[in-house]
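Observations on the three-dimensional arrangement
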Amino acid sequence: MKAMEITVKEGRIESEPAEVLVLSHYEGETALQDGTAAVNKALDGWLQDLIKSGEFEGKSNQTALLHTQGKIPAKRVLLVGLGKKKDARLDTVRQAMGTAAKRVRQAGARSFTTPVHGPSLKGTSVMELAQAMVEGAVLGGYQFTEYRSDNKEELKDLERMTVVETRGAKVSEIKEGSRRGLATAEATIFVRDLCNHPANVMTPARIAAEAGHIGKEKGVRVRVLEQRDAEKLGMGAFLGVARGSHEPPKFIILEYQGNSGARRKDGNAKPIVLVGKTITFDTGGISLKPAENMEQMKADMTGGAEVLAAVRAASRLGLPLHLIGILPATENMPGGRAIKPGDILTTLSGKTVEVQNTDAEGRLILADGLAYATRYKPAAIIDVATLTGACSVALGQFAIGMLGNNDALKSRIQNAGHRAGERVWEMPLWEEYFEQLHSDVADMRNIGGRGGGMITAAVFLSKFVGEYPWVHLDIASTDWSERERPYIAKGPTGIGTRSRDLADLLARYRPGGIILFSRNLETPAQIVRLTNDLQKLSPQTPLLISVDQEGGRVSRLPDGFTLFPPSSVFGQCDSSGLAYAAASAIAVELRAVGINMNLAPVLDLNTNPQNPIIGDRAFSANPMQVCELGLATIAGLQDNKVIACGKHFPGHGDTATDSHKELPVVSASMERLREVELRPFRHAIGNNLATIMSAHVLYPALDARFPATLSAAILTDLLRDDLRFKGLALTDDLEMHAILDHHGIEEAAILAFQAGADMLLICQDRGRQVAAMEAFHNAVKDGLLPEARVEASLRRIAHVKEQFLHPYAPADPAGVNQVVGSRAHKDLLDIILQTSERRLKAQV
């Protein structure tokens, strides 16, 4: 299929020359959407008349084609229905555009022009709408014609789609959404094409050749293990399935390393591993399948095709990931050497399997694929397979079966699938089901009987992933469609490809910032690539890219940077000049690598010797000295365009427990808090501190119920109203036990925002990040969080970004080595250490 060209431009839809203008309308609505209304006016009310007459009702995917008779530059107008507005979702737009693409082609046109559809969908950005539109149009226009020799004129592909937007400020968002939509749609088309080829063409060798082509993409390497290699490794399950075929098996490994996915020197990089079932034709082996519909078994390699597509898309999108794709590729044939029921195979893991049905071959090749995946010590393993007919029995053709051992990973996949229109449904993975796989002669058998077939297959696979986070996606219910649907062709669907867009979090939820930790940071050059790649994923407004670089034990930057001592050393020096100079040096080095926010300084006082969390992170126990040195540090950072963050409001210094582990309590009186803990914060607020981080600490004198992070009495009444802080209020990590032991992540996110926080910090678990953001969106939609309150936070975020991040320029890799760890900064470090040593000797 020829690739469709996507163009985005600023203009007025009613003034655009076009073969066809595609417009939309909701069923039962009297008012027309913006673009439709403008064209209707230019056509003297023709569209409104058509709707009033009942000839076009706006029902889901209904169409009506009108000739414009020269009234506007476009030759024809195609109206497509969106269904009832209350039922509309992102996939409604995707379906409408798929329907439109088919109708445009049927009309003999080769191009069409359209505005953005569905702008009134709540919680949906114009970027997401553009992505859905392009996906729907490209996939709706899909045809597989390689083996057709007749009706060539009728089978011509659509050539061009033009998106017209009246608001110039939105054009860049629409372009980025269109870029993403085209990349994910092309990935799906790639899968459909591979699966549409007959099995005499799409052999294991051809799959390996396709992988070789992907190996030419940027950042991708390919390795193919031949039969003798697999034999040396002991892949008995994979080779057992391959025995009946004359086609040599291929065990294919692809590795994609985006800029931030480069392997660490210490070998600790943790990739995401995708494993795809790649049976290029499945006869069932000795347990032969029925003849009816056996031709569809050419698509039993869909899982492998989707892994190929995911790696290719990651490269073309330039995603900052380390991704491994594994494809055990073979046929399953009933030859004279084929495995037989009752045979015992020894897998790569060393576990033995009694084969009771040779048509349960997918789990055998995946067993060796998953065991091989664990060799990478991955962050996560996801396998994709047309595995069981039981999945279709349980879920029909509209949901992918999902099972796994990690709730956070399952949540990520479920949310991504929902937004992509590729819904997944979780099934139980209970150990009791393993009893059905009991074998009298081996560690397990490869089938568990008729009951719970999808579940027992997944339980079998679970024995080969170790303790690594793992999710199994059974796509047997969705990989083939018996009929044509709006953007799904009859035959191989390619479903499951788009839902694994691994840049989904940034693209969908558009968080305002990112925090980096030591595990993300390797070398100055790698950090430049990482931060620049992250900023590319947020083309509309720069991200706040932050780090904890206090000095001393809280230093995230790697060797090569100038690593200054903890704040207590500056307290010993008692020099605001040195504190300012050190903060300035830190800021210059951070800016050089694209980090624009430092979660420092600590404005707590070291008043409790038993405090396990503050200690030398504080300047001293003297409020006035903390005021002076804190202000100097803030000025050194912010004068050099790095955002400073004072922490931990209203004071963590007098605690005796660690909020990472439990909820600390400070029983100080209100008078004590005002005279001691609050003084550095009051001083910093009066001198333009940009951001403040809240403490996960309970202060009964201020709020007997909620810790500061969740307390309106502290974040609104005290911080905003009393101290008149106008900057950003940021929470500490909401995943600390001080919060999670008492509140779920969704509840904590809502409570923190209701209390007065502008930005929420969630540092570890992607599932919790998604859950918190979904809860936030739902709370706004349901009115629990007033829109005016949200807009106030957005204004504060925008103000800080305008002040420190504009004009935005990417970090320059060429100048990094002249700045990071410079001689001047090293000399400054020596002066600080010498000054501290002299002061200590003088005190003695």
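Anyway, here's the lowdown on the structure attached to this text. Going along each chain's sequence as written, the residues are numbered from 1 onward. Owing to the predicted nature of the model, reporting of local features is limited to residues with pLDDT of at least 70; listing and counting of side-chain atom pairs is limited to 80 or more, with chain, interface and lining totals taken over all residues. Hydrogens and waters are ignored; side-chain quantities use all the structure's heavy atoms.

**Examining the packing of helix 4 (residues 126–140) against helix 5 (residues 171–196)**
Two quantities define a packed helix pair, namely the angle between the helix axes and the distance between the axes. Under the convention used in this document: Here an axis means a line fitted to C-alpha atoms, over the contact stretch when the element is a helix, while the angle between two N-to-C directions is reported on a 0 to 180 degree scale. Helix and strand definitions here come from DSSP, where helices need a minimum of 4 consecutive H or I residues and strands a minimum of 2 consecutive E residues; each element is numbered from the N-terminal end. Handedness of a crossing follows from how the near helix is turned relative to the far one, being left-handed for an anticlockwise turn of less than a right angle and right-handed for a clockwise one. Any residue that is not Ala, Val, Leu, Ile, Met, Phe, Trp, Tyr, Cys, Pro, Asp, Glu, Lys or Arg is counted as polar, Gly included; the first ten are nonpolar and the last four charged.
Where helix 4 contacts helix 5, the two axes come as close as 7 Å, and the packing angle between them is 35°. Considering only the axes of helix 4 and helix 5, their crossing is right-handed. In terms of residue class, the contact of helix 4 with helix 5 is made up of 10 nonpolar, 6 polar and 5 charged.

**Here's the deal with the nonpolar core**
Test applied: For our purposes a nonpolar core is just a set of buried Ala, Val, Leu, Ile, Met, Phe, Trp, Tyr and Cys residues, chained together by side-chain atoms within 4.5 Å. Burial classes follow relative accessibility: with a 1.4 Å probe on protein chains only, a residue under 20% of its type's maximum area counts as buried, one over 50% as exposed, and anything between as partly exposed. Residue contacts are defined here by distance: any two heavy atoms, one from each residue, within 4.5 Å place the two residues in contact.
Of all hydrophobic cores here, the largest spans 79 residues; its most connected members are Ile595, Phe649, Tyr699 and Ile832. A per-element tally of this core places helix 17 (residues 576–592) first, with 8 residues. Not counting residues within four places of it along the chain, the set of residues in contact with Ile595 comprises Leu516, Ile527, Thr531, Ile545, Ser546, Val547, Leu557, Leu590 and Val642. Grouped together as the second largest cluster of nonpolar side chains are 48 residues, Phe251, Ile326, Ala367 and Ala371 included.

**So, the sheet that holds strand 12 (residues 344–346)**
To keep it simple, the criterion reads: Between any two strands, at least two bridges found by DSSP are needed for them to pair.
The sheet built from 3 strands is open, its strands ordered 12-13-17 with mixed pairing. Edge positions in the open sheet fall to strand 12 and strand 17 (444–445), since each of these has one partner strand only. Sheet topology note: the strand 13 (residues 352–354)/strand 17 ladder contains 2 bridges and is parallel. Within strand 17, the residue paired with Val353 across the bridge is Met444.

**Some thoughts on the packing of aromatic side chains**
What counts here: Stacked, edge-to-face and tilted are the three classes for Phe, Tyr and Trp ring pairs, Trp counted by its six-membered ring, which pair at centre distances within 6.5 Å; planes under 30 degrees apart are stacked, over 60 edge-to-face, the rest tilted. Whether a charge lies above a ring is judged from NZ of Lys or CZ of Arg, which has to be within 6 Å of the ring centre and within 35 degrees of the ring normal.
Taken as a whole and assessed by the stated rule, the structure comprises 8 aromatic pairs. Where Phe251 meets Tyr372, the ring centres are 5.2 Å apart and the plane angle is 65°; that geometry is what we call edge-to-face. Of this pair, Phe251 sits in strand 8 (residues 250–257) while Tyr372 sits in helix 10 (residues 362–373), and the two are 121 residues apart along the sequence. Its relative accessible area of 6% is what places Tyr372 among the buried residues. An angle of 65° between the planes, with centres 6.1 Å apart, marks the rings of Tyr372 and Tyr376 as edge-to-face. Ring-pair connections join several aromatic residues into one group, and the members of that group are Phe238, Phe251, Tyr372 and Tyr376. Sitting above the plane of the Phe464 ring, Lys351 keeps its charged end 5.9 Å from the centroid. Stacked on the ring of Phe434, the Lys or Arg Lys463 has its end atom at 4.5 Å from the ring centre.

**Concerning the environment of Ile475**
Here Ile475 lies in the loop between strand 18 (470–474) and strand 19 (480–481). In this structure Ile475 comes out as buried when scored by relative accessible area, which is 0%. As for Ile475 and Glu747, which are separated by 272 residues in sequence, their C-alpha atoms are 34 Å apart. Ignoring sequence-local partners within four residues, the contact set of Ile475 consists of Thr302, Gly303, Glu306, Val384, Ala385, Thr386 and Ile400.

**Digging into the side chain of Glu354**
Formally: Charge counting treats Lys and Arg as positive and Asp and Glu as negative, with His and both chain ends excluded. Each salt bridge in this description consists of a side-chain nitrogen of Lys or Arg and a carboxyl oxygen of Asp or Glu lying within 4 Å of one another.
Of note, Glu354 is situated in strand 13. Buried and without a salt bridge, Glu354 has Arg445 as its closest oppositely charged side chain, separated by 6.2 Å. When residues no more than four places from it in sequence are discounted, the contact partners of Glu354 are Gly342, Asp343, Ile344, Ser439, Asp440, Val441, Ala442, Met444, Arg445 and Asn446.

**Notes on the pairing of strand 8**
In terms of burial, strand 8 is largely enclosed, as 7 of its 8 residues are buried. Sheet topology note: the strand 7 (residues 220–225)/strand 8 ladder contains 6 bridges and is antiparallel. Paired with Leu225 across the strands is Phe251, a residue of strand 8. Pairing between strand 8 and strand 11 (residues 322–332): 8 bridges, direction antiparallel. Paired with Tyr256 across the two strands is Leu323, which belongs to strand 11.

**Examining the pattern of salt bridges**
Counted by the stated rule, this structure contains 35 salt bridges. The closest approach of N and O atoms between Glu550 and Arg617, which form a salt bridge, is 2.8 Å. Of the two residues, Glu550 sits in strand 23 (residues 549–551) while Arg617 sits in the loop between strand 25 (597–598) and helix 18 (623–638), which places them 67 residues apart along the sequence. Here Arg617 falls in the buried class, since its relative accessible area comes to 10%. Of the charged contacts, one joins Arg720 and Asp758 as a salt bridge, the two residues approaching to 2.6 Å between their closest N and O atoms. Placement of Arg720 in helix 21 (residues 712–722) and of Asp758 in the loop between helix 23 (745–755) and strand 29 (759–761) is noted, with a sequence separation of 38 residues between them. Take Arg720: its relative accessible area is 14%, and that puts it in the buried class. Within this structure, Asp548, Glu550, Arg556, Arg617 and Lys647 form a network of salt bridges that share partners.

**Focus on helix 1 (residues 34–42)**
Because an α-helix packs 3.6 residues into every turn, residues spaced three or four apart end up facing the same way. Selection criterion: As used here, the arc belongs to the directions running from the helix axis to the C-beta atoms.
Taken as a whole, helix 1 has its buried residues at Gly35, Thr36, Val39 and Asn40. The buried residues of helix 1 occupy one face: seen down the axis, they fall within an arc of 135°. For helix 1, exposure combined with an orientation more than 90 degrees from the buried face picks out Asp34 and Lys41. On the buried face of helix 1, the contacting elements are strand 2 (18–27), helix 2 (46–52) and strand 4 (74–84). After helix 1 finishes, the residue Asp44 shows a positive phi value of roughly 60°.

**Details of unusual backbone geometry**
Trans peptide bonds make up the majority, and among non-glycine residues the majority have a negative phi. With an omega dihedral of 5°, the bond running from Lys647 to His648 counts as a cis peptide bond. Mapped onto the fold, His648 is located in strand 26 (residues 643–649). The omega angle of the peptide bond from His806 to Pro807 is -5°, so this bond is cis rather than trans. Along the polypeptide, Pro807 turns up in the loop between helix 25 (787–805) and helix 26 (816–819). We note that Asn293 has phi near 65°; this positive angle belongs to a residue other than glycine. Tracing the chain through its elements places Asn293 in the loop between strand 10 (278–282) and helix 9 (302–317). Its relative accessible area of 37% is what places Asn293 among the partly exposed residues.

**With respect to the side chain of Glu165**
Along the polypeptide, Glu165 turns up in strand 6 (residues 160–165). Overall, Glu165 belongs to the buried group, its relative accessible area being 5%. In this structure, Glu165 is in contact with Lys9, Glu10, Gly11, Val116, Lys170, Val171 and Ile174, ignoring residues within four places of it in sequence.

**Points about the pairing of strand 11**
Where burial is concerned, most of strand 11 is hidden: 11 out of the 11 residues are buried. Side chains of strand 11 alternate between two faces, with His322, Ile324, Ile326, Pro328, Thr330 and Asn332 and Leu323, Gly325, Leu327, Ala329 and Glu331 buried alike. Pairing of strand 9 (residues 272–276) with strand 11, which is carried by 4 bridges, proceeds in the parallel orientation. Across the sheet, residue Leu274 finds its bridge partner in strand 11, namely Gly325. When strand 10 meets strand 11, the two strands line up parallel, connected through 3 bridges.

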